[in-house]
Amino acid sequence: MDIGQPSAGATRAAGEAGPRLRPAFRRALARMALLAVGAALALGAGVWLYHRFTHVLVEDARVAADMVVLSSRVPGWISTITVTEGETVARDALLVVIDERVASLQLLELDAQLDAAAARRAETEARIVVIDQQTASQREAREARVTVAEAALAEAEAQLDLARAEFARARRLMETGAGTQARFDQTRAAFDAGSQKVLGRRAEVADARAALAEVVAARGQLTVLRRQLDTLAAEERGLRLQRDRAALDLKDRTIVMPFDGVVDRTFVDAREYVTPGQRLLMVHDPAAVRVDANVKETDIRYFRPGARVSIAVDAYPGLVMEGVVERVGQAATSEFALLPNPNPSGNFTKIAQRLPVRIRVPQSEGRLSPGMMVEVEARTRE
């Protein structure tokens, strides 16, 4: 017997034992796999249940933004449209130009009227200066002439009084026989001459006063001219207001981008005629997006202003952002329904109402667009 080779009986026994062990091993492996899968499912179910009990999920939520509708304030033909839908435009960039030929001509016409009014005002001011200078010197001269004439009149009247007294004395002497005819004639001639001189001096005073009155009347033109200046100033103010209105009309014919944003819709084409208030473009600021959610009234207590929430964007699986509740509506969305439900029949089914919630969320590389669906989660325990 060769001890280096196994016997035939031993080989046969080992072969019979091997097949008996393989099914048991497989069953053990299967049981272990089932146990692992069950443990994983149980763990997943536990995590899911824990998450459901500790979080509130809101599926009725969308990305929103302030959609600004740019309208026309003036009528006219569209001459230029420089943008297309979906285009990103910088602030103050030109968007639409409405035909501005008539507005430009009106502005030029008002400028010409303002220039004419300014010329009339300058002419009136120059006339005031000339008349003031001329009449001021003339008035001084005429006043001096009146003073001289009045002084001469006073002197003539004094001489007349003296001649009258001398004449009366000579007449009394003649009546008593003590006077001479020559003296009587001399005093009477002196009295007559004094009377004529007084009359002449009075005429000179009247003439001097009339001349002074003419100068005073001429200076009265200064008042008239100053009133004309007031009228011209009011006219210029009215023309300036008309010019400002025309300039505003001309400016309104050029519509620019109010902020850095995106053109969402264009409602008109070039060469169309638009009326005041007609919509031209719709734009929004992509950096000022938010999330608007409708939260059940039974869950609204978890969405207090300032609370942090998680936001999952449907368009980008795996993108989860953090937002902050900014405002909670004070009325349910059903209050704004077009057709209210007063329930006159008395059949009542209680339905949880929803309140609007606004959530502040940062823009994510420009990927958030108004109208996108998102899901909002809030923790029930902070």
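Residues numbered from 1 in each chain as written. Predicted model: local features only at pLDDT ≥ 70, side-chain atom pairs only at ≥ 80, totals over all residues. Heavy atoms only, no water.

**Q** Give me the lowdown on the overall build of the protein, citing residues and values where you can.
**A** When its secondary structure is counted, the protein shows three helices and 14 strands. Counting only residues that meet the buried cut, the protein has 27% of its 382 residues in that class. Just so you have it, the protein exposes about 25000 Å², and 56% of that area is on carbon and sulfur atoms. (Helix = DSSP H or I, 4+ residues; strand = E, 2+ residues; numbered from the N terminus. Buried < 20%, exposed > 50% of the residue type's maximum accessible area, 1.4 Å probe, protein only. Areas by Shrake-Rupley, 256 points an atom, 1.4 Å probe, with all protein chains shown as cover.)

**Q** Let's hear about the environment of Ala332: which residues, and what values?
**A** Mapped onto the secondary structure, Ala332 falls in the loop between strand S12 (320-328) and strand S13 (354-360). A relative accessible area of 16% means that Ala332 is categorised as buried. Note: C-alpha distance between Ala332 and Arg354 (22 residues apart in sequence) is 5.5 Å. Residues within four places of Ala332 in sequence aside, it is in contact with Gln353, Arg354 and Leu355. (Contact = heavy atoms within 4.5 Å.)

**Q** Now, about the pattern of salt bridges: what can you tell me, with residues and values included?
**A** Taken as a whole and judged by the stated rule, the model has 21 salt bridges. One salt bridge connects Asp66 with Arg290, and the closest N-O pair in it is separated by 3.1 Å. Highlighted residues: Asp66 in the loop between strand S1 (55-64) and strand S2 (68-71) and Arg290 in strand S10 (residues 290-296), separated in sequence by 224 residues. Taking the shortest distance from any N to any O, the salt bridge between Glu326 and Arg360 comes out at 3.8 Å. You can see Glu326 sitting in strand S12 and its partner Arg360 sitting in strand S13, a full 34 residues away along the chain. You can call Arg360 partly exposed: its relative accessible area is 45%. Sharing partners across several salt bridges, the network here consists of Asp66, Arg290, Asp292 and Arg358. (Salt bridge = Lys/Arg side-chain N within 4 Å of Asp/Glu carboxyl O.)

**Q** Talk me through the sheet that holds strand S8 (residues 273-274); I want residue IDs and the actual numbers.
**A** The four strands are arranged S6-S5-S3-S8 in an open sheet whose pairing can be described as antiparallel. The two strands at the open ends of the sheet, each matched to only one other strand, are strand S6 (254-256) and S8. (Pairing = 2+ DSSP bridges.)

**Q** An account of a nonpolar patch on the surface is requested, with residue identities and associated values reported.
**A** Together, Phe25, Leu29 and Met32 make up an exposed nonpolar region whose accessible area comes to about 330 Å². The exposure class of Met32 is exposed, given its relative accessible area of 53%. (Patch = residues over 30% accessible without salt bridge, like charges linked within 9 Å, V, L, I, M, F, W, Y side chains within 5 Å.)

**Q** Please give an account of the pairing of strand S11 (residues 308-313) that cites residues and values.
**A** In the case of a regular strand, side chains alternate between the two sheet surfaces. Burial along S11 is one-sided: Val309, Ile311 and Val313 are buried, while Arg308, Ser310 and Ala312, pointing the other way, are not. In this sheet, S12 lies alongside S11 in antiparallel orientation, the contact comprising five bridges. Its bridge partner lying in S12, Val309 is registered against Gly323. Where S11 folds back on S12, the antiparallel hairpin that results is connected by six residues, among which Gly318 adopts a positive phi of roughly 95°. Of the pairings in the sheet, the one linking S11 to strand S14 (residues 373-379) comprises four bridges and is antiparallel in character. Within the sheet, the bridge partner assigned to Val313 lies in S14 and is Val374.

**Q** Pulling in residues and values, what's your account of the sheet that holds strand S7 (residues 261-266)?
**A** With antiparallel pairing, four strands are arranged side by side in an open sheet as S2-S9-S7-S4. Only two strands of the sheet have a single neighbouring strand rather than two, namely S2 and strand S4 (88-89). Strand direction decides the pairing type here: S2 and strand S9 (residues 279-284), joined by four bridges, are antiparallel. Its bridge partner being in S9, Leu70 is matched across the sheet by Leu281.

**Q** Lay out the packing of helix H2 (residues 101-176) against helix H3 (residues 181-252) in plain terms, naming residues and giving numbers.
**A** Look at H2 against H3: their axes get within 5 Å of each other, and the N-to-C directions meet at 165°. As summarised for this structure, H2 and H3 are arranged roughly antiparallel, according to the angle between their axes. Between H2 and H3 lies a crossing of left-handed hand. When the residues that make up the contact of H2 with H3 are grouped by side-chain class, the tally is 38 nonpolar, 13 polar and 31 charged. (Axes fitted to C-alpha atoms, helices over the stretch in contact; angles between N-to-C directions. Parallel < 35°, antiparallel > 145°, perpendicular 65-115°, else oblique. Left-handed = near helix turned anticlockwise from the far one by under 90°. Nonpolar A, V, L, I, M, F, W, Y, C, P; charged D, E, K, R; others polar.)

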